[in-house]
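# Commentary on secondary and tertiary structure
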Amino acid sequence: KTRGEGKRRERGKVRAGRVLIMSSAEYGLVSEDNADFRQGASYPRMGGGGGPGGEGTPLMYAGGAEQPTTFCQIEHVAIQSGGSHQPSLVHISGQDVDVPKYEFPGWVPPSELQFETLEAIDQKSLHHPSRGCLSEIYATSIAGNDVTSSSLYIVGVTSTLAGQLSPLCLILVGCVLYLIKAVAGEAGTAIPLNGGAYNLLLNTTTKPVAALAACLLILSYVATAVVSATECLNYAANLIPGLDTYWGTIILLAFFAVLMIVGISESAQLATGIFLVHISTMCFLIAIGTTYMIANPIIITENLREPLKYDWPLSLMFGFCVGMLGVTGFETSANYVEETQKGVYPKVLFNTWLISMLLNPALSIVCMGVLDMNSMESHHRDVLAKVAYDSGGKYFGLWVSADASIVLAGSVLTAYVGVTGLVRRLTLDRCLPQFLLAENRFRRTNHLIPLTFFALCTLMFVLLNGDVKSLANVYSLAFLLVMTLVIAGTIILKYKRQFIRRAVRASWPTCFAALAFVLIALAGNIVLAPTHLLWFFIYFGIVAGLMLVMFERIRILKWFLYFLSQSPQHMQDRFSGVTLMAMDKIRSQKVVFFASNENLEILSKAIAYIQQNELTKWVKIVYVYDDLNDPIIRALADNLRVIDRCFPKMVMDLVLVQGSFTPSVVAQVSTRLGVPRNFMFMVCPGERFPYDLGDFGGIRIITH
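So, how was this worked out
- Residues numbered from 1 in each chain as written.
- Predicted model: local features only at pLDDT ≥ 70, side-chain atom pairs only at ≥ 80, totals over all residues.
- Heavy atoms only, no water.
- Helix = DSSP H or I, 4+ residues; strand = E, 2+ residues; numbered from the N terminus.
- Buried < 20%, exposed > 50% of the residue type's maximum accessible area, 1.4 Å probe, protein only.
- Contact = heavy atoms within 4.5 Å.
- Areas by Shrake-Rupley, 256 points an atom, 1.4 Å probe, with all protein chains shown as cover.
- pLDDT = per-residue confidence, 0-100.
- Core = buried A, V, L, I, M, F, W, Y, C linked by side-chain atoms within 4.5 Å.
- Salt bridge = Lys/Arg side-chain N within 4 Å of Asp/Glu carboxyl O.
- Phe/Tyr/Trp six-rings, centres within 6.5 Å; stacked < 30°, edge-to-face > 60°.
- Lys NZ or Arg CZ within 6 Å of the ring centre and 35° of its normal.
- Patch = residues over 30% accessible without salt bridge, like charges linked within 9 Å, V, L, I, M, F, W, Y side chains within 5 Å.
- Pairing = 2+ DSSP bridges.
- Axes fitted to C-alpha atoms, helices over the stretch in contact; angles between N-to-C directions.
- 1 Å grid on protein atoms, 1.4 Å probe; cavity = no way out; pocket = protein on both sides within 12 Å on 5 of 7 lines; lining within 4 Å.
- Points joined across faces, edges and corners; volume = space filled by probe spheres on them.
- Nonpolar A, V, L, I, M, F, W, Y, C, P; charged D, E, K, R; others polar.
- Parallel < 35°, antiparallel > 145°, perpendicular 65-115°, else oblique.

## Quick word on the overall build of the chain
Counting its secondary structure elements, the chain contains 22 helices and eleven strands. Residues classed as buried in the chain amount to 57% of the 704 residues present. Sequence separation of 24 or more characterises 81% of the internal contacts of the chain that already satisfy a separation of 6 or more. Accessible surface, the chain: about 29400 Å² in total, of which carbon and sulfur atoms supply 61%.

## Quick word on the confidence of the model for the chain
Model confidence for the chain is summarised by a mean pLDDT of 79, while 84% of its residues fall at 70 or above. At the level of individual helices and strands, the chain shows its lowest average pLDDT in helix α1 (residues 3–11), which scores 38, and its highest in strand β7 (residues 591–595), which scores 94. Confidence drops under pLDDT 50 across residues 1–66; counting only partners more than four residues distant or on other chains, this segment forms 173 contacts. Predicted confidence for residues 82–92 stays below pLDDT 50, and this span has 25 contacts to residues more than four positions away or in other chains.

## Describing the nonpolar core
Considering soluble globular proteins, one finds that nonpolar side chains tend to be buried as a cluster. If you look at the biggest cluster of nonpolar residues, it comprises 186 residues, and the most contacted ones within it are Met-324, Leu-384, Phe-593 and Phe-594. Looking at which element gives the most residues to this core, the answer is helix α5 (residues 207–239), with 19 residues. If we ignore the near neighbours within four places in the chain, the residues touching Phe-593 are Ile-602, Leu-603, Ala-606, Ile-610, Lys-620, Ile-621, Val-622, Phe-681, Met-682, Val-683 and Ile-702. Grouped together as the second largest cluster of nonpolar side chains are nine residues, Leu-134, Ile-142, Ala-271 and Val-344 included.

## Comments concerning the pattern of salt bridges
In this structure the tally under the stated criterion is 14 salt bridges. Of the charged contacts in the structure, one is a salt bridge between Glu-116 and Arg-672, with a shortest N-O distance of 2.8 Å. Note that Glu-116 is positioned in strand β6 (residues 116–118) and Arg-672 in helix α22 (residues 663–673), a separation of 556 residues in sequence. With respect to class, Glu-116 is no different from Arg-672; both count as buried.

## Some thoughts on the packing of aromatic side chains
Evaluated as defined, the whole model comprises 22 aromatic pairs. Ring plane angle 45° and centroid distance 5.6 Å describe the contact between Phe-350 and Trp-353, whose orientation is recorded as tilted. With a gap of three residues between them, Phe-350 and Trp-353 both fall in helix α10 (residues 345–370), about one helical turn apart. On the basis of relative accessibility, which here comes to 13%, the residue Trp-353 falls in the buried class. Aromatic side chains Trp-508 and Phe-512 sit 5.9 Å apart centroid to centroid with 20° between the ring planes, which places their arrangement in the stacked category. Of this pair, Trp-508 and Phe-512 both sit in helix α16 (residues 508–528), four residues apart, which is roughly one turn of the helix. Above the plane of the ring of Tyr-395 lies Lys-394, whose end atom (NZ or CZ) is 6.0 Å from the centre.

## Brief notes about a nonpolar patch on the surface
Where nonpolar side chains cluster on the molecular surface, the patch consists of Tyr-310, Leu-314, Met-317, Phe-517 and Ile-520 and spans about 380 Å² of accessible area. At the level of secondary structure, the elements contributing two or more residues to the nonpolar patch comprise α9 (312–323) and α16. With respect to the helices and strands, Met-317 occurs in helix α9.

## Some details on the sheet that holds strand β8 (residues 618–625)
With mixed pairing, seven strands are arranged side by side in an open sheet as β6-β1-β9-β8-β7-β10-β11. Whereas interior strands pair on both sides, the edge strands pair on one side only; in this sheet they are β6 and β11 (700–703). Taken over all neighbouring pairs, the strand axes of this sheet differ in orientation by 35° on average, direction set aside. Contacts between helix α21 (residues 631–646) and the sheet are confined to β7, β8 and β9 (651–658), with β9 contributing the most and set at about 170° to the helix.

## Some remarks on empty space enclosed by the protein
It is a probe the size of a water molecule, rolled over the atoms, that shows where empty space is left. By the definition in use, this model includes four cavities of 30 Å³ or more. Volume-wise, the largest cavity comes out at about 230 Å³. If you trace the largest cavity, you find 22 residues lining it, with Gly-196, Ala-197, Ala-334, Tyr-345 and Val-486 closest to the centre. Looking at the lining of the largest cavity, the elements that each hand over two or more residues are α3 (166–190), α4 (197–202), α10 and α15 (468–496). Counted by class, the lining of the largest cavity contains 15 nonpolar, six polar and one charged residues. For the second largest cavity, the calculated volume is near 80 Å³. Lining the second largest cavity are 13 residues; nearest its centre among them are Asp-146, Tyr-221, Thr-224, Glu-331 and Thr-332.

## Some thoughts on the side chain of Ser-364
By the secondary structure assignment, Ser-364 is in helix α10. Look at Ser-364 and you get buried, because its relative accessible area is 1%.

## Details of unusual backbone geometry
Although it is not a glycine, Arg-430 adopts a positive phi angle of roughly 65°. Mapping Arg-430 onto the fold places it in the loop between α13 (394–428) and α14 (448–463).

## As for the packing of helix α6 (residues 245–262) against α14
It is the contact of α6 with α14, at a shortest axis distance of 9 Å, that shows an interaxial angle of 170°. Classified by the angle their axes make, α6 and α14 are roughly antiparallel. Residues Tyr-246, Thr-249, Ile-250, Leu-253, Ala-254, Ala-257, Met-260 and Ile-261 of α6 touch α14, and the partners they reach there are Pro-450, Leu-451, Phe-454, Cys-457, Thr-458, Phe-461 and Val-462. Residue classes in the contact of α6 with α14 are distributed as 13 nonpolar, two polar and no charged.

## Quick notes on the pairing of strand β10 (residues 680–683)
Burial along β10 is two-sided: Met-680 and Met-682 facing one way and Phe-681 and Val-683 facing the other are all buried. Looking at chain direction, β7 and β10 are connected through three bridges and run parallel. Residue pairing across strands places Phe-593 opposite Phe-681, the latter belonging to β10. Pairing analysis gives three bridges linking β10 to β11, with the strands arranged parallel. Paired with Phe-681 across the strands is Arg-700, a residue of β11.

Here you go:
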């Protein structure tokens, strides 16, 4: 019997009617001075004062739970280091620095454990108040503004490459988007969590792969903001002659950065108003342009006789590849899927697909009926304003220019809002530096996120000298790579997570056809502008490099300790203690794994995943049971002792919770242990699981 077990026997008491256990003096991680690690400043605590919840002040309060949930823990204990352990690399004051060691004690009889009742929570506090607040029209408008804003410049760019084949190219883009719609629908209904490709890959692959998708999303947001701001100023130049579009773009980007710091975000009502006005304007433009085309058929006749720049197969392919830029923004709806009402997300995807399918080819035909090919090429930046001016007169041209400027400015704001939410989530997941979460004391907003985003956008714009074609290619590459990862993630989802409930199921041929077309579009854009690939990798490398450093912090600090051990004693005394404290702080974040049974293989896979993907050494295995006599409990404790010996660098506790595995119980455990739900993991649920994954507030699936 270990000393820890002896203390546990002395302190253990059974509370009548309760099935959970918690020692009054927990055995935790110990720092170098043998003090309780969790009492130090580096241990992450939840805000507020102490409360009956123990390790963290309850975030949610009574009023929702009908039955009390009972709770207990069998915790790790300290063990004496043997004489055969390896010598320490670092010395402080001439003495070796040893890392404390712990072991899981195995099964402890219920009579020697202590039980407590978890505090009930308010059901309304399980999720953010904005969850499910967006109706179909509101959700469609936010994504629709992004998708339709792409039409303002893609029509001219496609016409310069494909000529009279540009309408066919855009129709082909719409057909491919139909395939992507089914794939995105399955991903979004199976894992209805904000974050798009990042959350999809986080629940189907590893965290580094998901971080790779996040890097592409950030780059896509950067390109969205820069391209939209540039085109906004190009259209505004029709309203204000002599406007300096170069500096105007930088000022516009700075303006929205200030708005985000002030705290002004997108309004669904405002987005809907802009969307309806823009769709009405585009429909009116199509009607006026069609009338002009019928009255002047010679223009489209001459355009159809124009020779193509390439052979027709190449023209069709290159036009399709560039035309994929016209559907950028289609992935936007996945970033606010939690805010949409139940069942609305597939409708939003259908609506945005239908708008793109009908609008882009129609605008392309109208442009060919109003302008000759040379005019379209020379006015590719503001081609729709030129069409409106020639077909409807000066004031109609000004109207279209004003409408285009407003919609494109809205796209810039959408990019700021999207990247702010994504970076905040990445920072909470410890993929980016924590200083990005700093709040200003005036508006309580994360001011460093929009400022950093503004710096990236401005740097890209300056380096590329404002060339919209260059930016469009970088934009296309980022978007197409994101869509590639989304489709690949959905294929993995279908294979590994086939039993998760979902409202939409894409067939296997649909998934592989969508993947093939997206890869063709990606290859085509690289062939068209191979030099722009360099800029893409530069920006991608900056973001990915920062995330790589965050993932490898412990390894980097270990390298530093090794070189420090070769340095003079006074250098070790000065820096080794600080470095060890930094490593302890990084690895102090607890994580939780909800075990469904005692399966040794699943437990091993779960711990291996956590060790490889999370910067932690403290795992709490939670088992939710009905009866304390459940034989799985003892088998789980025995197997966890085996797992503990297989992973000597990990510290493990067993948490027993009597009740049912529901979102409320998960929230109670999260509050009691002080572990955010995005650091909680579970196995893939079965076919009869009654809840959606989104009901659990960010819990992650990591095993079959």
